[in-house]
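Chain residues, written in single-letter form:
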Amino acid sequence: MTSPSPDSPAELTLEEKASLTSGSATWYSTAAGDIPRLMLTDGPHGLRRQQEGGDNLGIGDSVPATCFPPAVGLGSSWNVDLARRIGEALGREARAQGVHVLLGPGMNIKRSPLGGRNFEYVSEDPHITGRIAAALVRGIQSRGVAATPKHFAVNNQETDRMRVSADVDERTLREIYLPAFEHVVTEAQPWALMSAYNRINGTFASEDPALLTDLLRGEWGFDGVVMSDWGAVNDRVASVAAGLDLEMPPSDTDAEIVDAVNNGTLDEAVLDTVVERLRLLAARTTDPALATDPVDVDAHHRLAADAAAEAMVLLRNEGDLLPLDPTAGARIAVIGEFARTPRYQGGGSSRVVPTRLSGALEEITALIGAKNVAFAPGFSLTDNPDTAASLAEEAVTAATGAERILLFLGLPDGFESEGFDRDTLALPAGQLALLERLTTLNIPIVVVLSNGATVEVSEWATSVEAILETWLLGQGGGLATAEVLFGLASPGGRLTETIPLRLSDTPSFLHFPGRDGHVGYGEGVYVGYRHYNTLDVPVAYEFGFGLGYTRFDYTDLAAVPGTDPHTWLVSATVINVGERAGSEVVQLYVGTTENTPTRPAQELRGFAKVHLVPGESERVTLHLNARDFATWDSGQHRWRVDAGAYTVQVGSSSRRIHLSETIAVPGDGWVPELSEHSTVGEWFAHPVGGQLLQSVRDRMEAFAAGGAPELLRMVEQVPIIKLVSWKMGLTLERVREMVAFVASQR
Ligand code: GLC
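Worth saying up front: this structure is predicted, and the values here are computed from it rather than measured.

## Re the overall build of the protein
Move 1: Helix and strand counts for the protein come out as 23 helices and 26 strands.
Move 2: Taking 27 Å as the expected radius of gyration for a compact globule of 746 residues, we find that the protein reaches 28 Å, a close match to that expectation.
Move 3: C-alpha extents for the protein along the principal axes are approximately 95 × 75 × 50 Å.
Move 4: Residue burial in the protein is summarised as follows: out of 746 residues, 60% are buried.
Move 5: Sequence separation of at least 24 residues holds for 76% of the intrachain contacts in the protein that already meet a minimum separation of 6.

The following block contains the structure:
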């Protein structure tokens with residue numbers, strides 16, 4: 001805004017300004033002066049616009065809206081353009097309903113597969129999380145609706161989420177839990193952002209100035225409105241002072257803000273800044289130039305179904321059993337309640353009332369004819385042991401004589417949701433028992449999974465011919481599943497989270513979900529594939545994996561440095577060498593085996609999804625920059641590029657690397673400061689400090705040569721100040737002179 005509007009903050013009373021820092025109702029901000037009341041509503045994969053006085057837990061009804069695949073599915077598509085198109089559709093539907101702010105995307109890192117809300121998040125990796133979320137933000141905001149990336153930050157569990165302190169070191173924060181938010185804020189400029197319920201190292205995210213002001217605004221340049229998660233504010237004044245602009249929902253404590261200004265504990269200028277941010281948000285979301293187009297419900301449904309096909313991950317396909325032939329007239333047994341009662345989204349605040357919905361059973365029947373379909377529910381969604389045997393018996397009867405069994409298994413609503421975490425990765429017992437019974441029929445089985453977070457498959461995967469992980473696919477999932485199973489579409493998904501062999505292999509197993517109000521992030525940066533692939537831990541299916549109905553070859557890797565020695569162009573050619581059209585996700589990983597502290601063996605640094613017909617090839621080029629080689633230096637509080645050899649890996653998954661090359665990357669030339677507490681080794685390695693200590697080094701080397709070879713390495717770990725007492729000719733004054741000289745050369 002260039003000039004203050006007629007009602008600039010000076011025109012508003014203190015009480016009016018204070019009222020703006022809190023909502024006026026569950027789904028509304030407050031109006032004051034020229035700032036109108038704005039409507040905020042969930043959610044990340046579909047509009048949940050409730051009538052007045054709704055709830056924030058998805059209990060009450062909302063207006064019908066397109067239910068797109070939740071983030072677990074959309075993320076598995078690895079399709080950034082698709083995410084943008086879905087964002088745009090979400091923006092259209094929000095605007096048509098008079099919604100100004102959409103409360104999504106959800107983008108927390110899937111630290112543990114037990115996370116109850118993993119269905120609402122993209123990945124265990126920050127790179128793909130940031131790219132998918134940024135595309136959603138761009139799409140949503142292209143229609144004049146504010147997106148609200150959430151939950152900022154380190155909200156990786158549901159257990160004790162409103163109080164727990166996520167205790168995480170600085171490097172892990174910077175390299176794992178912040179980069180996706182950083183990418184979205186700096187590349188997609190969201191107009192709003194939601195702070196998380198939890199504490200971070202003891203401070204509530206909604207009251208943390210280092211997070212909400214120094215980092216978010218000072219370092220990343222965020223200019224939007226920070227709102228709290230619903231009920232996340234514990235101290236109104238502290239939250240406003242920290243950089244939280246809008247408490248939701250209202251807590252009727254505006255007087256605390258007024259009193260704080262009047263007694264001098266809160267500067268009124270802070271309120272004026274909040275007012276300007278809310279005014280900017282209103283200007284951005286009430287732009288009359290952005291017409292409210294009518295919503296094409298059919299087109300949005302088709303988009304949801306197309307997205308679902310791109311999202312599902314084919315994990316196993318022995319003998320190319322899939323796709324099935326829809327014209328063969330074969331008798332197909334469709335077993336499993338999920339085929340009839342689709343689980344297509346997660347529980348809690350993101351729950352959408354879909355504009356339409358069909359199960360895979362209905363769509364398969366429509367596709368191949370009822371005479372070719374035998375159905376049985378096979379199990380109850382409550383996993384009721386009393387009915388398990390009879391339901392299994394009924395299913396065996398239905399399946400007997402069929403040529404193929406399509407077995408729909410997964411996690412019922414009560415097993416995972418916002419608000420609580422799982423304590424097992426296993427499928428419900430009744431389903432596993434049914435699966436075992438069906439394998440005795442010796443009929444090829446295709447297991448179709450519906451689950452918001454990974455389940456253990458290793459116990460039974462080799463006893464079935466095919467496994468299609470469909471996650472939660474939104475309202476178009478039933479149609480897409482039928483189309484993929486019978487070859488009208490190809491499965492386009494790749495795993496954005498590792499499927500471990502067992503829960504105890506997961507890197508956070510010993511720490512998640514914490515106790516006594518704290519959860520330690522003891523695994524550090526080794527989250528997901530960064531753990532499994534660095535330690536070469538066997539997994540059921542690796543990060544980035546997924547099969548299709550065709551095959552691709554990779555050739556002609558070229559890694560070419562740019563003018564800046566830290567920018568590289570990495571190119572490879574991908575060819576469809578199969579008989580069917582299909583999509584491939586070309587993945588670029590960078591790793592180094594040099595330098596300490598230890599670095600993950602590989603990190604995802606780029607990807608591109610290509611759709612190719614048989615024989616068609618495409619040259620894919622991905623960009624690397626300094627940040628792709630960097631690690632966070634917690635001592636100097638900065639990104640650091642160490643000189644050394646880095647591997648550039650191009651593959652179809654994190655463990656199926658088809659092309660690789662080692663490149664030499666120069667350091668960033670940054671010369672660290674030295675102090676009297678820097679070690680002798682740091683002084684020796686320093687371009688200026690090393691020269692000053694040459695005489696000391698010479699003496700050490702002489703001692704070492706004289707029969708104490710270990711001496712030099714021992715001394716290198718000693719803070720230089722300690723040498724003063726060793727009578728090595730180094731006085732405290734001399735040390736301080738050297739520190740001052742080095743500083744003067746920076
Ligand atoms: C919930 C969720 C948040 C949602 C909000 C409003 O508790 O954590 O994601 O947007 O409240 O429903």
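## Section: the pairing of strand 14 (residues 466-469)
Sheet faces and side chains relate simply in a regular strand, where the side chains alternate between the two faces.
Move 1: On strand 14, burial covers both faces: A466 and L468 on one face and I467 and E469 on the other are all buried.
Move 2: The pairing of strand 9 (residues 313-317) with strand 14 spans four bridges and is antiparallel. When the sheet's bridge partners are listed, N317 is paired in strand 14 with A466.
Move 3: Where strand 13 (residues 445-450) lies against strand 14, four bridges are found, and the strand directions are parallel. Paired with V448 across the two strands is L468, which belongs to strand 14.

## Observations concerning the nonpolar core
Move 1: Counting residues in hydrophobic clusters, the biggest one holds 110 residues, and the most contacted among them are I86, F152, V154, Y177, L211, M227 and W230.
Move 2: Top element by residues in this core is helix 4 (residues 126-141). It accounts for eight residues.
Move 3: Judged by nonpolar contacts, the second largest core, of 70 residues, contains A339, A376, A402 and I467.

## So, the sheet that holds strand 6 (residues 199-200)
Sheets are built from strands that pair by backbone hydrogen bonding, the pairs being arranged parallel or antiparallel.
Move 1: Taken together, the four strands give an open sheet; going across it, the order is 7-6-4-16, and neighbouring strands pair in mixed fashion. For this open sheet the edge positions go to strand 7 (203-204) and strand 16 (518-520), each flanked by a neighbour on one side alone.
Move 2: Two elements, strand 6 and strand 7, share two bridges in a ladder whose sense is antiparallel. Bridging from a neighbouring strand, I200 pairs with T203 of strand 7.

## Comments concerning the site of the ligand
Move 1: If you check the shell around the ligand, you find 15 residues, and the closest are D42, R117, H151, Y197 and D229.
Move 2: Between D42 and the ligand, the recorded distance is 2.6 Å, taken from a side-chain N or O atom to an oxygen atom.
Move 3: Between D229 and the ligand, the recorded distance is 2.6 Å, taken from a side-chain N or O atom to an oxygen atom.
Move 4: Relative to its unbound accessible area of 310 Å², the ligand is 100% covered by the protein chains.
Move 5: Grouping the constituent residues of the shell around the ligand by class yields five nonpolar, three polar and seven charged.

## Observations regarding empty space enclosed by the protein
Move 1: Counting across every chain of the model gives 10 cavities of 30 Å³ or more.
Move 2: Estimated volume of the largest cavity: approximately 140 Å³.
Move 3: Forming the walls of the largest cavity are 19 residues, and the residues nearest its centre are P342, S450, G477, G478 and T481.
Move 4: Within the residue set of the lining of the largest cavity, elements represented by two or more residues are strand 13 and helix 16 (477-485).
Move 5: At three residues, the largest contribution of residues to the lining of the largest cavity is made by helix 16.

## Considerations on the packing of aromatic side chains
Move 1: Enumeration according to the criterion identifies 12 aromatic pairs in this entry.
Move 2: Measuring from ring centre to ring centre gives 5.2 Å for F629 and Y646, while their planes differ by 75 degrees; the resulting arrangement is edge-to-face. Of the two residues, F629 is situated in helix 18 (residues 626-629) and Y646 in strand 25 (residues 644-651); the sequence distance between them amounts to 17 residues. With respect to class, F629 is no different from Y646; both count as buried.
Move 3: Through a chain of ring-to-ring contacts, three or more aromatic side chains come together here, namely W78, Y529, F543, Y589 and F607.

## With respect to the sheet that holds strand 25
Move 1: Read across the sheet, four strands follow the order 21-20-25-26 without closing on themselves; strand pairing throughout is antiparallel. Two strands bound the open sheet, and with one partner strand each, they are strand 21 (603-612) and strand 26 (657-665). On average, each strand axis in the sheet is tilted by 15 degrees relative to the strand beside it, whichever way the strands run.
Move 2: As paired strands, strand 20 (residues 582-592) and strand 21 are joined by nine bridges and run antiparallel to one another. Counted as the bridge partner of L588 is G606 from strand 21.

## Considerations on the pattern of salt bridges
Move 1: Summed over the entire model, instances satisfying the criterion amount to 49 salt bridges.
Move 2: R437 serves as the salt-bridge partner of E393, at 3.0 Å between the closest nitrogen and oxygen. Taken together, the positions of E393 in helix 14 (residues 385-399) and R437 in helix 15 (residues 429-439) put the pair 44 residues apart, joining distant regions of the chain.
Move 3: One continuous salt-bridge network, built from bridges that share partners, spans D42, R48, R117, E120, K150, E158, R161 and E418.

## Here's the deal with the packing of helix 14 against helix 15
Move 1: Between helix 14 and helix 15, the least distance of the axes is 10 Å, while the angle of their chain directions is 35 degrees. Where helix 14 crosses over helix 15, the handedness of that crossing is right-handed. Along the contact surface, helix 14 presents A392, E393, A395, V396 and A399, while helix 15 presents L434, R437 and L438.
Move 2: Across the contact of helix 14 with helix 15, the residue classes tally to six nonpolar, no polar and two charged.

## A few points about the packing of helix 3 (residues 80-96) against helix 4
Move 1: Packing of helix 3 against helix 4 leaves a shortest axis separation of 6 Å and a crossing angle of 35 degrees. You can see that helix 3 and helix 4 cross each other, and the crossing is right-handed. Contact residues: V80, A83, R84, I86, G87, E88, L90 and G91 in helix 3; R131, I132, A135, L136, G139 and I140 in helix 4.
Move 2: Classifying every residue of the contact of helix 3 with helix 4 gives eight nonpolar, three polar and three charged.

## Remarks on the environment of N79
Move 1: With respect to the secondary-structure elements, N79 resides in the loop between helix 2 (71-77) and helix 3.
Move 2: With 528 residues separating them in the primary sequence, N79 and F607 have C-alpha atoms 9.5 Å apart.
Move 3: With residues near it in sequence (within four places) discarded, N79 still touches I132, E310, K609 and H611.
Move 4: For N79, the side chain forms a polar contact with the main-chain nitrogen of L82, separated by 2.9 Å.

## Comments concerning the side chain of R95
Move 1: Summarising the element assignment, R95 is placed in helix 3.
Move 2: Nearest to the buried, unbridged R95 among oppositely charged side chains is D287, at 6.1 Å.
Move 3: Among all residues touching R95, those that are not within four sequence positions of it are R143, G144, V145, T285, D287, L290, A291 and T292.

## Looking at helix 16
Because the α-helix completes a turn every 3.6 residues, residues three or four places apart line up on one side.
Move 1: Where burial is concerned, most of helix 16 is hidden: nine out of the nine residues are buried.
Move 2: Here helix 16 has its buried residues at G477, G478, L479, A480, T481, A482, E483, V484 and L485.
Move 3: Of the surrounding secondary structure, the elements contacted by the buried residues of helix 16 are helix 11 (297-311), helix 13 (360-368), strand 12 (404-410), strand 13 and strand 14.
Move 4: Downstream of helix 16 by a residue or two, G487 has a phi angle that is positive, lying close to 80 degrees.

Quick notes on the rules
- Residues numbered from 1 in each chain as written.
- Predicted model: local features only at pLDDT ≥ 70, side-chain atom pairs only at ≥ 80, totals over all residues.
- Heavy atoms only, no water.
- Helix = DSSP H or I, 4+ residues; strand = E, 2+ residues; numbered from the N terminus.
- Rg over C-alpha atoms; globule rule 2.2 N^0.38 Å.
- Buried < 20%, exposed > 50% of the residue type's maximum accessible area, 1.4 Å probe, protein only.
- Contact = heavy atoms within 4.5 Å.
- Pairing = 2+ DSSP bridges.
- Core = buried A, V, L, I, M, F, W, Y, C linked by side-chain atoms within 4.5 Å.
- Near = heavy atom within 4 Å.
- Polar contact = N/O pair within 3.5 Å; in protein donor to acceptor, adjacent residues only side chain to side chain.
- Areas by Shrake-Rupley, 256 points an atom, 1.4 Å probe, with all protein chains shown as cover.
- Nonpolar A, V, L, I, M, F, W, Y, C, P; charged D, E, K, R; others polar.
- 1 Å grid on protein atoms, 1.4 Å probe; cavity = no way out; pocket = protein on both sides within 12 Å on 5 of 7 lines; lining within 4 Å.
- Points joined across faces, edges and corners; volume = space filled by probe spheres on them.
- Phe/Tyr/Trp six-rings, centres within 6.5 Å; stacked < 30°, edge-to-face > 60°.
- Axes fitted to C-alpha atoms, helices over the stretch in contact; angles between N-to-C directions.
- Salt bridge = Lys/Arg side-chain N within 4 Å of Asp/Glu carboxyl O.
- Left-handed = near helix turned anticlockwise from the far one by under 90°.
- Lys, Arg positive; Asp, Glu negative; His and termini not counted.

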